Amino acid sequence: MSSAAAPLRVAILLSGRGSNMAAIARGCAAGEIAARIELVLADRADAAGLDLARGLGLAAAAVPRAGFADREAFEAELRRRIDACDPGLVVLAGFMRVLGPRFVAAYAGRLLNVHPSLLPRHKGLGTHQKVLDAGEPEHGASVHFVTADLDGGPVVLQARVPVLPDDDPARLSARVQRCEHIIYPRVVQWFAAGRLRCDAAGVVLDGRPLAAPLVEDFDAVTT
Ligand code: GAR
């Protein structure tokens, strides 16, 4: 008699609204992602994503950075809580802190992030304004493995959207986020299904090294 593989155990870290966390959680609940979210952690007690997570039936807790003397101590507590639920994957979903090398090394190859730009363009904050200021015709989001190089880890999948003439940062951000909610659950599912890994040589999908990130175009109508 064969039995289905146990779902991948996932921990999610966030700082804000939690819309990406919710998109992944809904994918898990719908059976579209072979994973189970064991824990949602936020670095601030007022993160709206905590209540959103609890409303989705998930265990959620705040670990406020202010309660720790330094980053090392803060990250040690994050790791203690994450490791207690023994996840196979740690998902950064709008976690707005730079993580130190020890934390990143602890989850090497099983730490994903979504960044609101077409990396390697526009690392860091304020990406939507940067795109508008530069007059660029396109923008997007990138799902990537996290390394010690900030916003520089190997990219798996990007969503590309057009920049429209009447865009402001809020409109552009909303368009990009709708795409994040499609591509991030998809990458998590690839990982959960054993189709995706990242090793010293880079990203491997379905047994083949990715020479470049996969890019999906979303036009102004669909977004
Ligand atoms: C997302 O748009 C994500 O790309 C961005 O934060 C937002 C979180 O939204 N992440 C970063 O800027 C990381 N550098 P959410 O809380 O609604 O998922």
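We now turn to the structure provided with this report.

Criteria and cut-off values
- All chains use their own residue numbering, which begins from 1 and follows the written sequence.
- It should be noted that, the model being predicted, local features are given only for residues of pLDDT at least 70 and side-chain atom pairs only at 80 or more, the latter also being counted only at that level, while totals for whole chains, interfaces and linings use all residues.
- To obtain the side-chain values, all non-hydrogen atoms of the structure were used and water was disregarded.
- Consider each residue's heavy atoms; a residue with any of them within 4 Å of a molecule or strand counts as near.
- Here a polar contact means two N or O atoms within 3.5 Å. Within protein one must be a hydrogen donor candidate and the other an acceptor candidate, and residues neighboring in sequence count only if both atoms are side-chain atoms.
- Only the protein chains shown count as cover for residues, and the accessible areas themselves come from Shrake-Rupley with a 1.4 Å probe.
- Segments assigned H or I by DSSP are reported as helices when at least four residues long, segments assigned E as strands when at least two residues long, and all are numbered from the N terminus.
- Gly is put with the polar residues, along with every residue not named as nonpolar or charged; the nonpolar set is Ala, Val, Leu, Ile, Met, Phe, Trp, Tyr, Cys and Pro, and the charged set is Asp, Glu, Lys and Arg.
- What makes two strands pair is DSSP finding at least two bridges between them.
- As a rule, the C-alpha atoms of each element are fitted with a line to give its axis, helices using only the stretch in contact, and angles between N-to-C directions run from 0 to 180 degrees.
- Here, residues are in contact when the closest pair of their heavy atoms is within 4.5 Å.
- Buried residues of nine kinds, namely Ala, Val, Leu, Ile, Met, Phe, Trp, Tyr and Cys, make up a nonpolar core once their side-chain atoms join them within 4.5 Å.
- For every residue, the accessible area obtained with a 1.4 Å probe (protein chains only) is divided by the maximum for its type, and the residue is called buried under 20%, exposed over 50%, and partly exposed between those limits.
- In what follows, a disulfide is any cysteine sulfur pair within 2.5 Å.

1. Some remarks on the site of the ligand
1) Next: Taken together, G16, R17, G18, S19, N20, G94, M96, V114, H115, P116, Q177 and E180 make up the full set of residues near the ligand.
2) Next: A distance of 3.4 Å is found between an oxygen atom of the ligand and a backbone nitrogen or oxygen belonging to R17.
3) Next: S19 places a polar side-chain atom, nitrogen or oxygen, 2.5 Å from an oxygen atom of the ligand.
4) Next: Protein chains shield 88% of the accessible area of the ligand, which is 450 Å² for the free molecule.
5) Next: Put simply, the parts of the chain that give the shell around the ligand at least two residues each are α1 (19-29), β5 (111-115) and α6 (169-192).
6) Next: Split by residue class, the shell around the ligand holds 3 nonpolar, 7 polar and 2 charged.

2. With respect to the sheet that holds β5
1) Next: Pairing is mixed in the open sheet, where 8 strands are placed in the order β3-β2-β1-β4-β5-β6-β7-β11. In the strand order of this sheet, the two ends are held by β3 (60-62) and β11 (214-217), each with one partner. For this sheet the average axis-to-axis angle between neighbouring strands, irrespective of direction, equals 20°.
2) Next: Relative to β3, helix α2 (residues 48-55) is tilted by about 160°, and along the sheet it contacts β1 (8-14), β2 (35-42) and β3.
3) Next: Strand contacts of α6: β1, β2, β4 (89-92), β5, β6 (138-145), β7 (155-162) and β11, with the helix running at about 155° to β7, the strand carrying the most contacts.

3. Re the environment of V163
1) Next: In this structure, V163 sits in the loop between β7 and α6.
2) Next: Separated by 14 residues in the primary sequence, V163 and D149 place their C-alpha atoms 28 Å from one another.
3) Next: Apart from the residues lying within four places of it in its own chain, the contact partners of V163 are V131, L132, E136, P137, E138, H139, L172 and R175.

4. With respect to the nonpolar core
1) Next: Core analysis: the biggest nonpolar cluster contains 45 residues, and I12, M21, I24, V40, V91 and L196 have the highest contact counts within it.
2) Next: The element that contributes the greatest number of residues to this core is α6, accounting for 9 residues.
3) Next: Those residues in contact with I12, other than ones at most four positions away along the chain, are M21, I24, I37, L39, V40, L41, V91 and A93.
4) Next: With 19 residues, the next largest nonpolar core counts L41, V104, L111 and V146 among its residues.

5. Quick word on the side chain of H115
1) Next: Inspection of the secondary structure puts H115 in strand β5.
2) Next: Setting aside anything within four residues of it in sequence, one finds H115 in contact with H122, K123, G124, T127, G140, A141, S142, H144, D151 and E180.

6. So, the state of the cysteines
1) Next: Under the definition given, this model contains 0 disulfides.
2) Next: The structure places no disulfide on C85, whose sulfur is separated from the nearest cysteine sulfur, that of C28, by 13 Å.
3) Next: Owing to a relative accessible area of 10%, C85 belongs among the buried residues under this scheme.

7. Some words on unusual backbone geometry
1) Next: With omega at 10°, the peptide bond leading from L119 into P120 counts as cis.
2) Next: Checked against the element boundaries, P120 lands in the loop between β5 and α5 (127-133).
3) Next: One non-glycine residue, H122, lies in positive phi territory at about 55°.
4) Next: Among the residues examined, H122 registers a relative accessible area of 18% and is labelled buried.
5) Next: For D151, which is not glycine, the phi dihedral falls at a positive 55°.

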